[in-house]
Amino acid sequence: MDWLGLFFGFQASNVNDQREHLVLHLANSQMRLVPPPDTIDVLDRSVIRRFRKELTRNYVDWCAYLGKKSNVFIRREEDLRRELLYCGLYLLIWGECGNLRFMPECVSYLFHNMANELNKILEGYIDHETGAAFVPSVCGELGFLERVVKPIYETISKEVAGSRNGTAPHSAWRNYDDLNEYFWSRRCFEKLKWPLDKGSTFFVSSSEGGGGGGRKRKVGKTGFVEQRSFWNLFRSFDRLWVMLILFLQFAVIVAWDGELPWKALRSRDAQVRVLTVFLTWSGLRFLQALLDAGMQYSLISRETWWLGVRMVLKGVVAAGWASVFVIFYAKIWTQRKHDKEWTHAANQRILTFLEVALVFVAPEILSLVLFIIPWVKNFIEKTNWRVFYLLTWWFQSRSFVGRSLREGLADNLRYTLFWVVVLASKFSFSYFLQIKPLIAPTKALLNLEDVKYEWHQFFGHSNRFAVGLMWLPVILIYFMDLQICIQQLRLRFQFFASAIQFNLMPEEQLPDGRGVPFID
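Basis of the calculations
- Residues numbered from 1 in each chain as written.
- Predicted model: local features only at pLDDT ≥ 70, side-chain atom pairs only at ≥ 80, totals over all residues.
- Heavy atoms only, no water.
- Helix = DSSP H or I, 4+ residues; strand = E, 2+ residues; numbered from the N terminus.
- Buried < 20%, exposed > 50% of the residue type's maximum accessible area, 1.4 Å probe, protein only.
- Contact = heavy atoms within 4.5 Å.
- Areas by Shrake-Rupley, 256 points an atom, 1.4 Å probe, with all protein chains shown as cover.
- Disulfide = S-S within 2.5 Å.
- Axes fitted to C-alpha atoms, helices over the stretch in contact; angles between N-to-C directions.
- Parallel < 35°, antiparallel > 145°, perpendicular 65-115°, else oblique.
- Left-handed = near helix turned anticlockwise from the far one by under 90°.
- Nonpolar A, V, L, I, M, F, W, Y, C, P; charged D, E, K, R; others polar.
- Expected span 1.5 Å × (residues − 1).
- Bend = angle between axes of the 7 residues up to and from the residue.
- Salt bridge = Lys/Arg side-chain N within 4 Å of Asp/Glu carboxyl O.
- Phe/Tyr/Trp six-rings, centres within 6.5 Å; stacked < 30°, edge-to-face > 60°.
- Lys NZ or Arg CZ within 6 Å of the ring centre and 35° of its normal.
- Patch = residues over 30% accessible without salt bridge, like charges linked within 9 Å, V, L, I, M, F, W, Y side chains within 5 Å.

Quick word on the overall build of the chain
Next up, step 1: Helix and strand counts for the chain come out as 22 helices and 0 strands.
Next up, step 2: Burial statistics for the chain: of 520 residues in total, 36% are counted as buried.
Next up, step 3: By sequence separation, contacts in the chain at least 24 residues apart represent 69% of the contacts at least 6 residues apart.
Next up, step 4: In the structure as shown, the chain presents an accessible area of about 31100 Å², 61% of it carried by carbon and sulfur atoms.

Details of the environment of Leu 279
Next up, step 1: In this fold, Leu 279 is placed in helix H14 (residues 276-296).
Next up, step 2: Each C-alpha atom of the pair Leu 279 and Phe 325 lies 5.8 Å from the other, and the pair is 46 residues apart in sequence.
Next up, step 3: Discounting chain neighbours no more than four positions away, the residues touching Leu 279 are Phe 325, Val 326, Tyr 329 and Phe 353.

Considering the state of the cysteines
Next up, step 1: This model, assessed by the stated rule, comprises 0 disulfides.
Next up, step 2: In this structure Cys 188 is a free cysteine whose sulfur lies 9.2 Å from that of Cys 106, the closest cysteine sulfur available.
Next up, step 3: Overall, the relative accessible area of 0% leaves Cys 188 in the buried class.

Focus on the packing of helix H11 (residues 238-255) against H14
Next up, step 1: Contact geometry of H11 with H14 gives a least axis separation of 10 Å together with a crossing angle of 155°. In terms of their interaxial angle, H11 and H14 are classed as roughly antiparallel. With respect to the hand of their crossing, H11 and H14 are arranged in right-handed fashion. On H14, the residues that touch Asp 238, Val 242, Ile 245, Leu 246, Gln 249, Phe 250 and Ile 253 of H11 are Thr 276, Val 277, Thr 280, Trp 281, Leu 284 and Gln 288.
Next up, step 2: Counted by class, the contact of H11 with H14 contains 8 nonpolar, 4 polar and 1 charged residues.

Topic: helix H16 (residues 344-372)
Next up, step 1: For H16, built from 29 residues, the straight-helix expectation of 42 Å at 1.5 Å per residue is met to within 8% by its first-to-last C-alpha distance of 39 Å.
Next up, step 2: In the structure, H16 departs most strongly from a straight axis at Val 361, where the bend amounts to approximately 45° and where the proline Pro 363 lies between one and four residues downstream.
Next up, step 3: Where H16 is concerned, the buried positions are Ala 346, Ile 350, Phe 353, Val 356, Ala 357, Phe 360, Val 361 and Leu 370.
Next up, step 4: Lining the buried residues of H16 we find helix H13 (268-274), H14, helix H15 (305-339) and helix H17 (374-382).

Concerning the pattern of salt bridges
Next up, step 1: Taken as a whole, this structure holds 8 salt bridges when the rule is applied.
Next up, step 2: Among the ionic pairs, Glu 83 bridges to Arg 52, the shortest N-O distance being 2.6 Å. Here Glu 83 is found in helix H5 (residues 80-97), whereas its partner Arg 52 is found in helix H3 (residues 45-55), with 31 residues between them in sequence. Just as Glu 83 is buried, Arg 52 falls in that class too.
Next up, step 3: In this structure, the salt-bridge partner of Arg 285 is Glu 364, at a minimum N-O distance of 2.9 Å. Here Glu 364 lies in helix H16 and Arg 285 lies in helix H14, a separation of 79 residues in the sequence.

Side note on the packing of aromatic side chains
Next up, step 1: Inspection of every chain in the model, using the stated rule, returns 32 aromatic pairs.
Next up, step 2: With centroids separated by 6.5 Å and ring planes inclined at 45°, the aromatic side chains of Phe 8 and Phe 10 adopt a geometry described as tilted.
Next up, step 3: Overall, Phe 8 belongs to the buried group, its relative accessible area being 0%.
Next up, step 4: Of the residues examined, Phe 10 reaches a relative accessible area of 7% and is grouped as buried.
Next up, step 5: For the ring pair Tyr 431 and Phe 432, a centre distance of 4.9 Å and an interplane angle of 85° mean the geometry is edge-to-face.
Next up, step 6: Ring pairing ties together the aromatic residues Tyr 59, Trp 62, Tyr 90, Tyr 109, Phe 111, Tyr 182, Phe 183, Phe 189, Phe 202 and Phe 203, which thus form one cluster.
Next up, step 7: Just above the ring of Phe 360 sits the side chain of Arg 285; from NZ or CZ to the centre is 4.1 Å.
Next up, step 8: Taking the ring centre of Phe 328 as reference, the NZ or CZ of Lys 331 above it sits at 5.3 Å.

Focus on a nonpolar patch on the surface
Next up, step 1: A cluster of nonpolar residues, Leu 260, Trp 262, Phe 429, Phe 432 and Leu 433, forms a patch on the protein surface that exposes about 520 Å² of accessible area.
Next up, step 2: For Leu 260, the location among the structural elements is in the loop between H11 and helix H12 (261-264).
Next up, step 3: Leu 260 gets classed as partly exposed once you look at its relative accessible area, which sits at 31%.

Some points on the side chain of Glu 83
Next up, step 1: Owing to a relative accessible area of 2%, Glu 83 belongs among the buried residues under this scheme.
Next up, step 2: Not counting residues up to four positions away in its chain, the partners in contact with Glu 83 are Ile 48, Arg 49, Arg 52 and Ile 74.

Have a look at this one:
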């Protein structure tokens with residue numbers, strides 16, 4: 001530890017603390033070996049190896065994620081000296097980083113470069129420029145604190161000061177997560193370099209950069225930015241909204257003939273009208289693409305230009321799908337009107353439309369399959385193969401944390417079954433007790449003629465405004481009664497919340513000392 005502290009400029013107090021940390025940890029692990037070693041006063045190789053692997057596990061995963069070769073080299077099984085040096089170096093970096101521990105990939109970046117220099121020292125590397133033995137880039141008294149920790153910490157401090165105590169917009173400043181996400185890309189090696197380049201844009205705070213007039217260009221957010229807007233209600237729950245809107249359209253079309261759904265769908269006209277849900281779906285996708293671009297535009301910079309490309313392409317593709325569906329749907333009715341009935345040619349138009357629709361929904365089907373079979377998606381996310389990255393680039397950005405965190409197959413099936421029951425109950429209620437009863441009054445209102453309204457400015461010469469007013473409260477309830485349905489389930493299973501609470505409590509706080517609630 002003293003040798004590492006001398007070479008890399010760590011504080012003496014940090015060296016003493018981490019020496020004690022390392023010794024106590026290894027001693028405790030040695031005492032827990034089963035069976036105990038024959039010579040208890042000699043450190044077992046498995047103890048230090050296990051501790052080193054656990055200590056550098058996040059670093060090794062980070063290297064694999066970025067496609068970098070790890071600088072932890074253990075050439076021989078008996079090389080305990082290197083094992084101890086790597087453990088000591090990591091602990092010294094961790095101990096002196098202070099609040100930088102909230103940025104684990106930043107710590108991995110520092111360890112990667114300093115471990116590389118440690119390897120050069122151990123292998124007797126000679127500096128070609130001076131002809132002398134290699135000397136680390138960061139050395140001398142308080143070298144690590146002054147040249148590594150202080151610049152990064154001052155950047156964090158400036159960002160926090162620019163947040164105006166959290167009242168500034170989320171896109172206007174970087175927090176710990178945003179700064180840490182900078183190290184999820186290989187650009188940190190190109191831009192930040194080693195030793196740290198203080199002229200890098202990473203050290204330009206939000207209050208100092210971002211514009212012209214001689215101001216330095218800053219590094220913005222790279223993973224997520226929150227734009228406070230009412231439209232987040234749709235964007236954050238877009239799949240739920242899309243499902244509710246599409247079913248509402250389907251239910252109105254099917255119920256319009258006044259028959260049961262399975263009888264109404266025997267009509268070819270009704271079947272073709274149902275296909276209009278794909279026009280609505282494609283239009284909602286285009287709206288979602290616009291909202292994604294409007295909410296996440298702050299992520300786009302010179303270094304993340306591909307995000308802007310993806311946003312533009314998603315908007316173009318969504319608009320293209322909407323246009324394709326309109327064209328193919330219009331061809332169906334054009335053929336129908338030309339033939340005066342549903343001929344073979346008209347039915348072929350329908351089949352062509354369905355083939356296009358199958359291509360459109362293929363990504364959704366794939367997503368559903370990956371959800372039900374979680375280990376496939378876990379493998380794709382955990383495996384750092386470029387081909388998988390190219391396949392998933394369209395749907396989401398790469399993320400170092402949160403990969404392969406999926407529930408098991410049984411849990412997914414139970415979760416899916418729960419929502420199937422809830423949604424089946426909700427849609428059955430909505431169709432038979434909300435939508436279908438309104439069809440006859442709607443037709444009656446539309447067939448009325450010469451109705452004189454006092455507010456004629458709103459109603460004009462049509463009853464459509466009156467129909468809209470009649471449907472408005474029903475539609476509002478339709479969109480909200482899913483919450484009522486879930487609330488009813490909570491009332492039926494009142495022990496559910498308490499069961500979760502008891503199972504999350506530590507065992508010593510439970511009435512009977514177990515992880516399940518005590519019921520008398």
